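Below are the chains, spelled out letter by letter.
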Amino acid sequence: MVRQRLGQHFLADENWREEIARTIRVSRHSNERPETSSNPYCWIEIGAGHGEMTEYLAGTGAPVYALEIDPPLVARLRKVAKKFPNLTIVSGDVLEADLAAMASGRRIRLYGNLPYYITSPILHRFFQIAPFIDEIHIVIQLEVAIRLEARPGTRDYGYLSVLTQYFSNPSIALKIPAGAFSPPPEVDSALVSLRLPGANPRLGAEEESKFLDFVKVCFAHKRKTLVNNLRSVAEPARVKTVLDEMSLAAAARAEELPVAQFIQLFCKLGRRD
């Protein structure tokens, strides 16, 4: 039984399951290197469902922690776990679970077929433990996937793009039709792969939340210039001066700036005691 309030759309098509497994290198037909003692890792699966992808992950031999919030599905997954000594079923909510503690010191690889309505909060949750994560593979709404990898100057570039590209290098690995799921969603989906760390320099941990709040202010009104959006941060004359120092026009808007320039702008304007 599907619980609509949980945004459940199960990956029913076996061909698409195999395609995803090959793409994230957990199929027996892929060339994934076995785990070594010098770089131990584990898989954490978010929203394991009926175990559509769980057996692929467990088949790698690495420790797998399959997180599921729906009690009937948890009971079903525990039957699957009897076949795999390296598989642990965890009953809980991804927005509350301590993923770093779950990994017990291992590097983390994440896979999840995410409920579309909470994709952004889940990404924020992942990035809170970014130093422990090597890669993230998520099946999400195609429209949101496009926003994650959008480039500056495009219509889809926004706060979620900056957030994702600050922490990782995202790419759309597969586009998945609605018919691959049961029940089919009303939109197409995509598998997005995020490699960590990202290409951009990182701020100190205590400054990252301030930086992300700063970026939200920059995008607060997309049609307004940075000078207008940043009035709560600095006087317009100061913002114009800094933009000029960065070789940006006084009329520059947030969607024009790559992540590196957001970091530069924050360091000049957004740092506060």
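Above this text you will find the structure in question.
In this text, all values refer to a predicted model and were calculated from it rather than measured experimentally.

**Looking at the pairing of strand E5 (residues 107–113)**
Here's step 1: Extensive coverage of E5 is indicated by the burial of 6 of its 7 residues.
Here's step 2: Across 6 bridges, the pairing between strand E2 (residues 41–46) and E5 is parallel. Within E5, the residue paired with Cys42 across the bridge is Ile108.

**Here's the deal with helix H5 (residues 119–127)**
Here's step 1: Taken together, the buried positions of H5 are Thr119, Ile122, Leu123, Phe126 and Phe127. For H5, the buried positions fall inside an angular range of 135° around the axis, keeping them on one side.

**Overview of the side chain of Arg17**
Here's step 1: Relative to the helices and strands, Arg17 resides in helix H1 (residues 14–23).
Here's step 2: Despite its burial, Arg17 pairs with no opposite charge, the nearest such side chain being Glu14 at 4.0 Å.
Here's step 3: Looking at Arg17, its side chain comes within polar contact range of the main-chain oxygen of Leu11, at 2.8 Å.

**Considerations on the sheet that holds strand E4 (residues 87–91)**
Hydrogen bonds along the backbone pair up the strands of a sheet, which may run parallel or antiparallel.
Here's step 1: The strand order across the open sheet formed by 7 strands is E4-E3-E2-E5-E6-E9-E7, and the pairing between neighbours is mixed. Strands at the two margins of the open sheet, each flanked by one partner only, are E4 and strand E7 (169–176). The sheet shows a mean angle of 20° between the axes of neighbouring strands, direction not considered.
Here's step 2: For strand E6 (residues 133–141) and strand E9 (residues 189–195), the ladder comprises 7 bridges, and the chain directions are antiparallel. Bridging across to E9, Glu135 finds its partner in Arg195.
Here's step 3: Along the sheet face, H1 touches E5, E6, E7 and E9 and points at about 160° away from the line of E7.

Calculation rules
Residue numbering note: each chain is counted from 1, following its sequence as written. At least 70 in pLDDT is required for a residue's local features to be given in this predicted model, at least 80 for side-chain atom pairs to be given and counted, and no such filter applies to totals for whole chains, interfaces and linings, which use all residues. Excluded from the side-chain calculations are hydrogens and water; all other atoms, namely the structure's heavy atoms, are used. Think of it in three bands: with a 1.4 Å probe and only protein chains considered, a residue is buried below 20% of the maximum accessible area for its type, exposed above 50%, and partly exposed in between. Per the convention used, a helix needs a DSSP run of H or I reaching at least four residues, while a strand needs a run of E reaching at least two, with both numbered from the N terminus. A pair of strands is treated as paired once DSSP finds two or more bridges between them. What the arc covers is the set of directions going from the helix axis to the C-beta atoms. In this tally, Asp and Glu contribute negative charge and Lys and Arg positive charge; neither His nor the terminal groups of the chain are included. Any Lys or Arg side-chain nitrogen located within 4 Å of an Asp or Glu carboxyl oxygen qualifies as a salt bridge. Polar contacts, as counted here, are pairs of nitrogen or oxygen atoms within 3.5 Å of one another; within protein the pair requires one atom able to donate a hydrogen and one able to accept it, and residues that are adjacent in sequence qualify only if both atoms are side-chain atoms. Axes here refer to lines fitted to C-alpha atoms; in helices the fit is confined to the stretch in contact. Angles between the N-to-C directions go from 0 to 180 degrees. Throughout, a residue-residue contact means that at least one pair of heavy atoms, one from each residue, lies within 4.5 Å.

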